Amino acid sequence: MVKPKTKSNSKLTPTGKEAIIELIAAIPTNLPYLEITKEQHLAINTYLTLSLHQGVAMKMAEFKKYSPELADHFVEFYEEARPYMKSRSLSEMLFSAEGDYAPNIVNLLAYVKNARARRIQESSDVEYEDASYYVREDEHGNIIHSLSITEATIRIKEKTTDYNEAYITLENNIPEGFIKTERLKDVANFFAYMNKYFSQYLEKNNENEEEEETIT
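Scoring rules and cut-offs
Numbers given to residues run from 1 along each chain, matching the order in which its sequence is written. The predicted nature of this model means local features are confined to residues of pLDDT at least 70 and side-chain atom pairs, given and counted, to a pLDDT of 80 or more, with totals for whole chains, interfaces and linings taken over all residues. For the side-chain quantities, the full set of heavy atoms in the structure was used; hydrogens and water were omitted. Secondary structure elements are defined from DSSP: runs of H or I of at least 4 residues count as helices, runs of E of at least 2 residues count as strands, and each element is numbered from the N terminus. Throughout, exposure labels follow a simple rule: accessible area from a 1.4 Å probe, protein chains only, divided by the maximum for the residue type, with under 20% read as buried, over 50% as exposed, and the rest as partly exposed. The contact criterion used is simple: two residues touch if any of their non-hydrogen atoms lie within 4.5 Å. The rule for a salt bridge is simple: a side-chain nitrogen of Lys or Arg has to be within 4 Å of a carboxyl oxygen of Asp or Glu. Per-residue confidence from the predictor is reported as pLDDT, a score between 0 and 100. When DSSP finds two or more bridges between a pair of strands, those strands are recorded as paired. Interaxial angles span 0 to 180 degrees and are taken between N-to-C directions of axes, which are lines fitted to C-alpha atoms, for helices over the stretch in contact. Any angle that is under 35 degrees is reported as roughly parallel, and any over 145 degrees as roughly antiparallel; angles of 65 to 115 degrees are reported as roughly perpendicular and all others as oblique. A crossing counts as left-handed when the near helix is turned anticlockwise from the far one by less than a right angle, and as right-handed when that turn is clockwise. Buried Ala, Val, Leu, Ile, Met, Phe, Trp, Tyr and Cys residues that are joined via side-chain atoms within 4.5 Å together make up what is termed a nonpolar core. Between 30 and 60 degrees the pair is tilted, below 30 it is stacked and above 60 it is edge-to-face, where a pair is any two Phe, Tyr or Trp rings, Trp via its six-membered ring, whose centres lie within 6.5 Å. For a lysine, the NZ atom is tested; for an arginine, the CZ atom; a charge sits over a ring if that atom is within 6 Å of the ring centre and within 35 degrees of the ring normal.

### What about the side chain of His73?
Here His73 is to be found in helix H4 (residues 68-81). Taking relative accessible area as the criterion, His73 reaches 16% and is therefore assigned buried. Aside from chain neighbours lying at most four places away, what touches His73 is Glu39, Gln40 and Ala43.

Right, here's the structure in full:
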């Protein structure tokens, strides 16, 4: 399975106050989808609060002096997030609790915001021979499933308020627009999986409606 790389927000600076504020707000919303321990959660919240007070992301060496234990837990979380980050700067590759630099808050923000999409993608057990399946969340919070093959990309956008509908697009990647018939197996598996995916939500909605009718 291909893991999508998260994109940084170009309007935010890597260690700036605005990015810190956005990350503080994003964590509670995405917490159910993050694989994070209580200790890591406490470390992140403490680090961000201290950084917010000083108006810029705190250097790790300073955070280490404040609390060696929390600094270590913060590094644990950062190490888990790093494979999904777009940036591969030297400071991030050598990131540690003793480092005389701050973590890239923008990259952490992108990682946190993509938690729900990442969890959905990782839950898929479908194997593709000549295609890549990936999931992302757009700027409006909509989940988009994509199947990418050499000749085309198929996208299915969820309508989270109504799983009876979905927005489907096909984008040709080559001028001729033809798809090799051998790729149709991957396309069929993708649509079969998406049918199963939406069906589970429809079943839940029906169960909820039945419960509401029983109560009334």
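### Focus: the pattern of salt bridges
For the structure on display, the rule yields 11 salt bridges. Close ionic contact of Glu129 with Lys185 constitutes a salt bridge, the shortest N to O distance being 3.2 Å. With a gap of 56 residues between them, Glu129 in the loop between helix H7 (115-122) and strand E1 (132-137) and Lys185 in helix H8 (residues 184-215) connect regions that are remote in the sequence. Overall, the relative accessible area of 55% leaves Glu129 in the exposed class.

### Details of the confidence of the model for the protein chain
Per-residue pLDDT for the protein chain has a mean of 85; in total, 86% of the residues score no lower than 70. Low pLDDT (under 50) marks residues 1-9, which in the prediction has 27 contacts with non-local residues, meaning those over four places away or in another chain.

### Section: the sheet that holds strand E3 (residues 152-158)
An order of E1-E2-E3-E4 is seen for the four strands of this open sheet, with the pairing classed as antiparallel. The open sheet has two free edges, formed respectively by E1 and strand E4 (166-172), since each of these has just one partner strand. Adjacent strand axes in the sheet meet at a mean angle of 20° when their direction is disregarded. Taken together, the five bridges between strand E2 (residues 143-148) and E3 define a ladder with antiparallel strand orientation. From the neighbouring strand, Ser148 faces E3, where its bridge partner is Thr153. Those strands touched by H7 are E1, E2 and E3, and its axis lies near 155° from that of E1.

### Some points on the packing of H4 against helix H6 (residues 105-113)
Remark: H4 packs on H6, axes separated minimally by 11 Å, with the N-to-C direction vectors making an angle of 70°. Comparing their axes, H6 and H4 come out roughly perpendicular. Judged by the twist between their axes, the crossing of H4 over H6 is left-handed. Residues Phe74, Phe77, Tyr78, Glu80 and Ala81 of H4 touch H6, and the partners they reach there are Leu108, Tyr111 and Val112.

### Remarks on the nonpolar core
One finds Tyr47 and Phe74 to be the most contacted residues of the largest nonpolar core, which totals 35 residues. Mapped by element, the contributors of at least two residues to this core are helix H1 (17-30), helix H2 (38-54), helix H3 (60-66), H4 and H6. Counting residues per element, this core draws most heavily on H4, which supplies seven residues. Once you skip the residues sitting within four places of it in the chain, Tyr47 turns out to touch Ala57, Met58, Met60, Phe63, Phe74, Ala102, Pro103 and Ile105.

### Brief notes about the packing of aromatic side chains
Throughout the structure, instances matching the rule amount to 13 aromatic pairs. Centroid distance Tyr128 to Tyr133: 6.4 Å. Interplanar angle 40°. Geometry classified as tilted. Like Tyr133, Tyr128 is buried. A cation over a ring is seen here: Arg118 above Tyr84, with NZ or CZ 4.9 Å from the ring centre.

### Description of the pairing of E3
The element E3 is extensively covered by neighbouring structure, given that five of its seven residues are classed as buried. Hairpin geometry of E2 and E3 is characterised by an intervening segment of three residues between the two adjacent antiparallel strands. With seven bridges connecting them, E3 and E4 associate as antiparallel partners. Considered in E4, the bridge of Lys157 is made with Tyr167.

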